[in-house]
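Residue-level structural notes
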Amino acid sequence: MLSRSDLADVPIAPAEVVRAVEEAYLALAAGDSDNPRKLSVAHPDGWSVAYAMLGRDGRRRVVAMKTSYKFDPHHDRSTKRYYTTISLYDDATGLPIALMDCSRVGALRTPAVSALLVRETIRPGARSVLLIGTGTQGRNALPHLLSANPQLNRLMLYGTHPEGLEAVYRELLQYNPQAELEIVSDARAAARTADVVLATAGPGTRVAIEAEDLAPGATAVLVGYGLAPSTLHEADRVIATSAEQMALTGTDMAGPDGRLRRVDAELPEILNRRAVGRIGDDERIFVYNSGLVLTDVAVAHALAARAISEGRGTEVPLWD
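Rules behind the numbers
- Residues numbered from 1 in each chain as written.
- Predicted model: local features only at pLDDT ≥ 70, side-chain atom pairs only at ≥ 80, totals over all residues.
- Heavy atoms only, no water.
- Pairing = 2+ DSSP bridges.
- Helix = DSSP H or I, 4+ residues; strand = E, 2+ residues; numbered from the N terminus.
- Domains from an automatic or database assignment.
- Contact = heavy atoms within 4.5 Å.
- Buried area = accessible area lost by both parts, 1.4 Å probe.
- Axes fitted to C-alpha atoms, helices over the stretch in contact; angles between N-to-C directions.
- Expected span 1.5 Å × (residues − 1).
- Buried < 20%, exposed > 50% of the residue type's maximum accessible area, 1.4 Å probe, protein only.
- Patch = residues over 30% accessible without salt bridge, like charges linked within 9 Å, V, L, I, M, F, W, Y side chains within 5 Å.
- Areas by Shrake-Rupley, 256 points an atom, 1.4 Å probe, with all protein chains shown as cover.
- Salt bridge = Lys/Arg side-chain N within 4 Å of Asp/Glu carboxyl O.
- 1 Å grid on protein atoms, 1.4 Å probe; cavity = no way out; pocket = protein on both sides within 12 Å on 5 of 7 lines; lining within 4 Å.
- Points joined across faces, edges and corners; volume = space filled by probe spheres on them.
- Nonpolar A, V, L, I, M, F, W, Y, C, P; charged D, E, K, R; others polar.
- Phe/Tyr/Trp six-rings, centres within 6.5 Å; stacked < 30°, edge-to-face > 60°.

1. Side note on the sheet that holds strand 8 (residues 181-183)
- Pairing is parallel across the open sheet formed by eight strands, whose spatial order is 8-7-6-9-10-13-11-12. Edge positions in the open sheet fall to strand 8 and strand 12 (265-266), since each of these has one partner strand only.
- For strand 7 (residues 154-158) and strand 8, the ladder comprises three bridges, and the chain directions are parallel. If you follow Leu 157 over to strand 8, its bridge partner there is Ile 183.

2. With respect to the domain arrangement of the chain
- Domain parsing of the chain yields domain 1 (4-105 + 294-310) and domain 2 (110-292).
- Averaged C-alpha coordinates put domain 1 and domain 2 at centres separated by 22 Å.
- Between domain 1 and domain 2, the residue contacts involve 23 residues of the former and 25 residues of the latter.
- Summed over both partners, the interface of domain 1 with domain 2 comes to about 2200 Å²; 62% of that surface belongs to carbon and sulfur atoms.
- When residues of domain 1 are sorted by the area they lose upon contact with domain 2, Pro 14, Tyr 25 and Arg 37 head the list and together hold 29% of the total.

3. So, the sheet that holds strand 4 (residues 81-90)
- In space, the five strands of this open sheet follow the order 1-2-3-4-5, with antiparallel pairing throughout. Looking at which strands have only one partner, the edges of the open sheet turn out to be strand 1 (39-42) and strand 5 (96-101). Going across the sheet, the axis of each strand differs from the next one's by a mean of 10 degrees, ignoring polarity.
- Taken together, the four bridges between strand 1 and strand 2 (residues 48-57) define a ladder with antiparallel strand orientation. Paired with Leu 39 across the bridge in strand 2 is Ala 52.
- Across the sheet, helix 3 (residues 103-121) touches strand 3 (62-71), strand 4 and strand 5, and the angle it forms with strand 5 is around 85 degrees.
- In the packing of helix 10 (residues 293-309) onto the sheet, contacts are made with strand 2, strand 3, strand 4 and strand 5, and the angle to strand 2 comes to roughly 75 degrees.

4. Regarding helix 3
- For helix 3, which comprises 19 residues, the first-to-last C-alpha distance of 28 Å matches the rise-based estimate of 27 Å (1.5 Å per residue) to within 8%.
- Most of helix 3 sits inside the fold, with 17 of its 19 residues counted as buried.

5. Overview of a nonpolar patch on the surface
- On the surface, a nonpolar cluster with roughly 550 Å² of combined accessible area is contributed by Met 1, Leu 99, Val 316, Leu 318 and Trp 319.
- Among the secondary structure elements, Met 1 is positioned in the segment before helix 1 (4-7).

6. Section: empty space enclosed by the protein
- Tallied over the full model, the rule gives one cavity of 30 Å³ or more.
- Surrounding the largest cavity, Thr 110, Pro 111, Ser 114, Gln 137, Ala 141, Leu 198, Thr 200 and Val 223 form its lining.
- Elements supplying a minimum of two residues to the lining of the largest cavity: helix 3 and helix 4 (136-148).
- Take the lining of the largest cavity: its biggest share by element is three residues, from helix 3.
- Classifying every residue of the lining of the largest cavity gives four nonpolar, four polar and no charged.

7. Observations concerning the environment of Tyr 225
- Looking at the secondary structure, you find Tyr 225 in the loop between strand 10 (219-222) and helix 7 (230-233).
- Residue classification places Tyr 225 among the partly exposed positions, given a relative accessible area of 33%.
- Tyr 225 sits 20 residues away from Thr 205 along the chain, and the two C-alpha atoms are 7.1 Å apart.
- Those residues in contact with Tyr 225 that lie beyond four places of it in its chain are Ala 199, Thr 200, Ala 201, Gly 202, Pro 203, Thr 205 and Asp 252.

8. Here we look at the packing of aromatic side chains
- Scanning the model with the defined rule gives one aromatic pair in all.
- For the ring pair Trp 47 and Phe 71, a centre distance of 6.3 Å and an interplane angle of 80 degrees mean the geometry is edge-to-face. With a gap of 24 residues between them, Trp 47 in the loop between strand 1 and strand 2 and Phe 71 in strand 3 connect regions that are remote in the sequence.
- What makes Trp 47 partly exposed here is its relative accessible area of 39%.

Here is the structure:
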């Protein structure tokens, strides 16, 4: 059993996380892995939501089950509760590997996916990015983004929590010590100058970038909140990690008719070169980053292997 503290400081570089995530997508695109649709249950008043996800990584020979539960009745950080775990099983020996806290896995996996999505949809000559949000995803976003897109050299950040702004900058400097970060006070104005808009804010944000705020050729990536539905419905092209997952978790982006815009291509097929992310330089592209458990498996397996090799965690005789 690997706890949150066991995994908190296990070293793993952003480039390694991006590589592991890309390999997981390529295995899925090749038909070597399975990633069924996630199951969910929610409180009718929106107080809580829970998900269950099952996946099989055919190349790593690992089967995993992930669960998550979020209790957030007032969209207030002081009352929010979030718990997520993942169980790993060795599909070559039939033995369990680990039951582990999945919070750091998600904190690393999601920005790595965004980095790949941007890499495959960014317009030629792009240099600027606007990051919206300074929570867990915001703090991990830029090092992963730059590991896959090193040409981005104008980094803008919008946030409302001073400690969050400092944390984003601190995390950036850990991996990119020469980088400069520009704090902006008007997110919509900054979006008009950005080649990439990466929205990672929480549900309480007041920012909602509209389609009219996006520059020609911009890529807008939705991870959490910060983009208005118009960025999806008026986009020239729509890319998702999974159209099925977007239909399940992206309902807040529905248009006036209650429907979501059709997805033009999915990331696994783009990485496998069976589809393309961008067709024209001036296309405004909307990108939806939703979790596929196979990417959690890849990152969790890497973290678990390192943690166990260092003697971390507690061996639990659960089946004795």
